[in-house]
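Geometric and topological summary
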Amino acid sequence: MVKATRQHDGATRSGRITLQDVANTAGVSLVTASRAFRQPGLVAQATRVAVQAAVAQLGYIPDLVAGSLAARASHQVAIVVPSLATPAFMSTISGATQVLQAHGYQTVLGDANLSRETETALIATFLGRRVDAIILADVVQSQEARGLLRRSGVPVVETWTLGAEPIDMNVGFDNCAAAREMTRHLIATGRRHIGMICGPLQQNLRGRQRRVGYFEAIGEAGLAADLFIELPYPIRFGDAGEALAELAARRPQLDAVFCSGDSFAVDAVLAAQRRGWAVPDRLAIAGLGDLDLAAHLVPALSSAVVPGERMGRLAGEMIVARLSGREVAPKVVDVGFKVVVRGSTAPPADCASVSLACGITRKSE
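Residues numbered from 1 in each chain as written. Predicted model: local features only at pLDDT ≥ 70, side-chain atom pairs only at ≥ 80, totals over all residues. Heavy atoms only, no water.

Sheets are built from strands paired through backbone hydrogen bonds, the pairs being either parallel or antiparallel. Spatially, the six strands line up as an open sheet ordered E7-E6-E8-E9-E10-E12, and their pairing is mixed. The sheet is open, and its two edges are formed by strand E7 (228-230) and strand E12 (338-340), each paired on a single side. Mean inter-strand twist for the sheet, computed between neighbouring axes without regard to direction, equals 15°. Two strands pair when backbone bridges link them, and strand E10 (residues 302-305) and E12 are joined in this way by three bridges, in the antiparallel orientation. The residue bridging Ser303 from the neighbouring strand is Val340, located in E12. (Pairing = 2+ DSSP bridges. Helix = DSSP H or I, 4+ residues; strand = E, 2+ residues; numbered from the N terminus. Axes fitted to C-alpha atoms, helices over the stretch in contact; angles between N-to-C directions.)

Dropping the structure here:
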């Protein structure tokens, strides 16, 4: 077999720049050049800069497949979300990606489309591609998928929901309690005809838990429990507005709506304003989630705010720790939620005493 020979520019006659070429140009060993790619945190900054400059000069493209086969690691972490149509997950993806990239890991994203079958197929594919770990913006409900993950031995972090039996690690919050407290706030402002607009419940444990929280608050207040609407899948912007119209047709006295997600609540606020309904005087609207737009809407949206980016960062830190051989404790983290009261649910003047009695503080808009 004829070996490729070096040309003056450092390339082989095959035209492929190798990691050895990068190491030679940077003036470092092959091992150090490799570590600069795969474990940058273990390499001095000056060395990383020299290697990066050599990469830019030579136009080197790392052979990630060959490296992963040799090390039995891909340096990739999969993130699976229930649906990319849900904006709230973006902050979690961002938080996890920032942490993982800082430690030399790249992320690949999968959309389960609110389908157990799709979720299971995604997980099987990612495991087949030998990802080093998997983060899920949900708890895995398919027994088949749970079995795949347990047998794989890779680190797994389920987020956004606190599961009764986590597969491995879990970072989330109490969805039921968040919905219950947000509904209680609406009740405390004096509203008595309170509806709920909920996302699709198919393959959506979060939504089902939020529905329970809403009905618990409605039941303890002795209010009518016939104002619940589940949105269809796939979700389109405008669906919450149509749901609002249906609730108003059922109950003309409708005076408040709790939405299971901030994006639905924003849709409902805009729909109410198009109908000429003043928010919050005619109709109070509240949401739940981690949508930046909520605080900038006019009026600003009251919401049970959850730290989506923090969930992602914690998940990323757990993955890095496990892949570095360190123990993770605790393995289950409740990040909590915070009821933030803004203009969309400002209590009517004659209900101010009720609001104060319930300990609700109005936030500045």
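When you line up the elements, Ser83 lands in the loop between strand E1 (76-81) and helix H5 (89-102). Sequence separation of Ser83 and Asn113 is 30 residues, and the distance between their C-alpha atoms is 4.9 Å. Ignoring anything within four residues of it in the chain, the contact list for Ser83 reads Phe89, Asp111, Leu114 and Tyr233. Among the polar contacts made by the side chain of Ser83, one reaches the main-chain amide nitrogen of Ala85 at a distance of 3.1 Å. (Contact = heavy atoms within 4.5 Å. Polar contact = N/O pair within 3.5 Å; in protein donor to acceptor, adjacent residues only side chain to side chain.)

Packing of helix H1 (residues 19-26) against helix H2 (residues 30-38) leaves a shortest axis separation of 8 Å and a crossing angle of 105°. Taken together, the axis directions place H1 and H2 in an arrangement best described as roughly perpendicular. Taking contact as the criterion, the partners of Leu19, Gln20 and Ala23 in H1 are, on H2, Leu30, Ala33, Ser34 and Phe37. (Parallel < 35°, antiparallel > 145°, perpendicular 65-115°, else oblique.)

Moving on, we come to the packing of aromatic side chains. The geometry of an aromatic ring pair is captured by the separation of the ring centres together with the interplanar angle, meaning the angle of the planes. All told, the structure shown has four aromatic pairs when counted by the stated rule. With a centroid separation of 5.8 Å and an interplanar angle of 70°, the aromatic rings of Trp160 and Phe173 are classed as edge-to-face. Linking Trp160 in the loop between strand E4 (156-159) and strand E5 (169-172) with Phe173 in the loop between E5 and helix H8 (175-188), this pair joins segments that are 13 residues apart in sequence. Each member of the pair, Trp160 as well as Phe173, carries the same accessibility label: buried. Taken together, the aromatic side chains of Phe89, Trp160 and Phe173 make up a single cluster linked through ring pairs. Directly above the aromatic system of Trp277 lies the positively charged group of Arg282, at a separation of 4.4 Å from the ring centroid. (Phe/Tyr/Trp six-rings, centres within 6.5 Å; stacked < 30°, edge-to-face > 60°. Buried < 20%, exposed > 50% of the residue type's maximum accessible area, 1.4 Å probe, protein only. Lys NZ or Arg CZ within 6 Å of the ring centre and 35° of its normal.)

Our focus in this paragraph is the pairing of E4. The alternating pattern of E4 places Val156 and Glu158 on one face and Val157 and Thr159 on the opposite face, and all of these are buried. One ladder, built from three bridges, connects strand E3 (residues 133-136) with E4; its direction is parallel. Across the sheet, residue Ile135 finds its bridge partner in E4, namely Val157. Crossover handedness for the path E3 to helix H7 (residues 143-152) to E4: right-handed. The sheet contact formed by E4 and E5 spans three bridges and is parallel. Following the sheet pairing, Val157 is matched in E5 by Met169. (Right-handed = clockwise from strand over helix to strand, strands pointing away.)

Spatially, E2-E1-E3-E4-E5-E11 is the arrangement adopted by the six strands of the open sheet, whose pairing is parallel. Each end of this open sheet is capped by a strand with a single partner; those strands are strand E2 (106-111) and strand E11 (332-334). Averaged over neighbouring strand pairs, the angle between their axes works out to 15° when direction is ignored. Pairing of E1 with E2, which is carried by six bridges, proceeds in the parallel orientation. Bridging across to E2, Val80 finds its partner in Gly110. Of the strands in this sheet, E1, E2, E3 and E4 touch H5, which is tilted by about 175° from E1.

A separate point is unusual backbone geometry. Negative phi characterises most residues that are not glycine, and trans characterises most peptide bonds. The omega angle of the peptide bond from Tyr233 to Pro234 is 5°, so this bond is cis rather than trans. Here Pro234 shows up in the loop between E7 and helix H10 (239-250). The omega torsion of the bond from Ala329 to Pro330 falls at 0°, within 30 degrees of zero and hence cis. Among the structural elements, Pro330 can be located in the loop between helix H12 (308-323) and E11. Positive phi outside glycine occurs at Leu114, with the angle close to 50°. Positive phi values are uncommon outside glycine, yet Arg130 reaches one of about 60°. Mapped onto the secondary structure, Arg130 falls in the loop between helix H6 (116-128) and E3.

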